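Read off the chains here:
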Amino acid sequence: MKRWRWDQWLGVMTLLAFLLRLIWILTLESRIFWYDGQEYLRLAHSILSGAGYRDANGDPTAYWPPGYPFFVAVSGAKILGVRLMQALLGALTVPLAFLAARRIFGTRPALLAAFFVTIYPLYIYAAGSFYAISLQTLLMLSVFALCHRALEKDRQSSALLAGIFGAWAALTSASALPALLLAAAWLKTERWRRGSLRRGFRLALVFILPILLSVGAWTLRNHHHFGRPVPVSLNGGYNFWLGNSPGVKATTGNRWTEEMQEEFAEISLANPGEAALDAALYERGKEYVAKDPAGFVKLSLSKAVNLWRLWPAPMTEDRPGLDLEKVISVLSYGLLLPFGLFGVFRALRSSSAARLALLFFLSYTALHAFFIAKFRFRLPLDAILFLYAAGVLADLASRLGWDFWKEEPRA
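Residues numbered from 1 in each chain as written. Predicted model: local features only at pLDDT ≥ 70, side-chain atom pairs only at ≥ 80, totals over all residues. Heavy atoms only, no water.

## Let's talk about the packing of helix 1 (residues 6–26) against helix 4 (residues 79–105)
- The geometry of helix 1 relative to helix 4 is characterised by a closest axis approach of 9 Å and an angle of 155° between their N-to-C directions. As summarised for this structure, helix 1 and helix 4 are arranged roughly antiparallel, according to the angle between their axes. In this structure, the crossing between helix 1 and helix 4 has a hand that is right-handed. Together, W6, L10, M13, T14, A17, F18, R21, L22, I25 and L26 of helix 1 and L80, R83, L84, A87, L88, G90, A91, V94, P95, F98 and R102 of helix 4 make up the contact between the two elements.
- Within the contact of helix 1 with helix 4, the residues separate by chemical class into 16 nonpolar, two polar and three charged. (Axes fitted to C-alpha atoms, helices over the stretch in contact; angles between N-to-C directions. Helix = DSSP H or I, 4+ residues; strand = E, 2+ residues; numbered from the N terminus. Parallel < 35°, antiparallel > 145°, perpendicular 65-115°, else oblique. Left-handed = near helix turned anticlockwise from the far one by under 90°. Contact = heavy atoms within 4.5 Å. Nonpolar A, V, L, I, M, F, W, Y, C, P; charged D, E, K, R; others polar.)

## Topic: the packing of aromatic side chains
- One pass over the structure, following the stated rule, counts 23 aromatic pairs.
- When the centroid spacing of 5.7 Å and the interplanar angle of 25° are considered together, the rings of F296 and F370 count as stacked. With a gap of 74 residues between them, F296 in helix 14 (residues 293–306) and F370 in helix 16 (residues 352–370) connect regions that are remote in the sequence.
- Relative to F361, the ring of W308 has its centre 5.3 Å away and its plane inclined at 75°; by these criteria the two rings are edge-to-face. Taken as a pair, W308 in the loop between helix 14 and helix 15 (322–347) and F361 in helix 16 lie far apart in primary sequence, 53 residues in all.
- Look at W308 and you get buried, because its relative accessible area is 15%.
- Taking the relative accessible area as the measure of exposure, F361 reaches 4% and is therefore buried.
- Here a set of aromatic residues connected by ring pairs shows up, and it is made of Y35, Y40, Y63, W64, Y68 and F71.
- Just above the ring of Y333 sits the side chain of R378; from NZ or CZ to the centre is 3.9 Å. (Phe/Tyr/Trp six-rings, centres within 6.5 Å; stacked < 30°, edge-to-face > 60°. Buried < 20%, exposed > 50% of the residue type's maximum accessible area, 1.4 Å probe, protein only. Lys NZ or Arg CZ within 6 Å of the ring centre and 35° of its normal.)

## Quick look at helix 10 (residues 197–226)
- With 30 residues, helix 10 extends 40 Å from end C-alpha to end C-alpha; this agrees with the ideal 44 Å at 1.5 Å per step.
- The largest bend in helix 10 amounts to roughly 30° and is located at I208, with the proline P210 lying one to four residues further along. (Expected span 1.5 Å × (residues − 1). Bend = angle between axes of the 7 residues up to and from the residue.)

## Quick word on the nonpolar core
- Core analysis: the biggest nonpolar cluster contains 106 residues, and F144, F207, F360 and Y388 have the highest contact counts within it.
- Counting residues per element, this core draws most heavily on helix 7 (residues 133–153), which supplies 13 residues.
- Not counting residues up to four positions away in its chain, the partners in contact with F360 are M140, V143, F144, A179, A183, L381 and I384.
- Within the second largest apolar cluster, 12 residues are counted, among which are V248, A280, L281 and L299. (Core = buried A, V, L, I, M, F, W, Y, C linked by side-chain atoms within 4.5 Å.)

## Focus on the packing of helix 8 (residues 156–172) against helix 10
- Put simply, helix 8 and helix 10 touch, their axes get as near as 8 Å, and they point 30° apart. The angle between the axes of helix 8 and helix 10 places the two elements in the roughly parallel class. Relative to helix 10, the crossing made by helix 8 is right-handed. Only R202, L203, V206, F207, P210, I211, S214, V215 and W218 of helix 10 make contact with helix 8, whose side of the interface consists of Q156, A159, L160, A162, G163, I164, G166, A167, A170 and L171.
- A breakdown of the residues in the contact of helix 8 with helix 10 according to their chemical character gives 14 nonpolar, four polar and one charged.

Here you go:
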């Protein structure tokens, strides 16, 4: 019996990825349960109506990063339409994962990486959510793949395209911005290691320019409205205060105590306006850190670990079905995590791509260790992790004599 070609396998997996996500979103109610998603939809309607990026009172806002609300607007600001677009993004992530892994490991390990992305339960679930997980996964994986291509081929066009995707990623989540700055430094350093510092500077500049222009334009807009430069959003103070208040734990998330509710109300009353409240919450968070620096270090370390936890921690702990979600997460992400991390660390000395992956992982981990470390903040990086898990598992299968996984020449 003739074996399928790799492009046939990839086509089937891409279609399967879309169908799995489509089936899932068609089972969902036409409503948004969480406040964040409701606000994203409201902002999208505000944009489409011509009112601009404004809060419910009609005032300019920068509390939420603009990248995802603009995506919702482009998708028509209809619940089913947005979910369908996210299902499409999830399907497009499959061939992107293949191309990224193929350049590093070869064709057949890349098919395994694409398969992991196809059936990953949390990515299927994300297609129905009103969070930027599907969008940010595609954007960050695109940055990773294109930066690696720019380095290997010395292609400024790839660096520029990576920068365009990176600009959207930065305006979708402030978590991406430090990782993108490190990616620019990585391009310069890795090209220098290959004997051309000048080309390294050129690639880094071409990559970072779209990011600086986009984030810079948004910063100027925010400075005009709020009187101070705000690169992405005005929710950093809230997250810093929330993540470092007395009594919080790594898994606390948005679970407020009565004392926290009273304190937030007091600070809000004394500091009206988004910019003033953001600054005041930062200051209160710094006071808590100064009072107990050892506790801050301990809490930050626990949040760093919690970002990579094996299962989600919903706000409603007694919600039916939570045990099943834990099992599903452990049997997918949990099984692949050790192989992925082993693959990254094994390749650090010989692979520039592994060094970029590690920079992404460390950047996200360090940032959320100081703020809050919700499970979903890490999900966009899981696709990169799966590339290396696939590489290790394909190598193991080849050593065991499974001819199907015998590595082919790299692209």
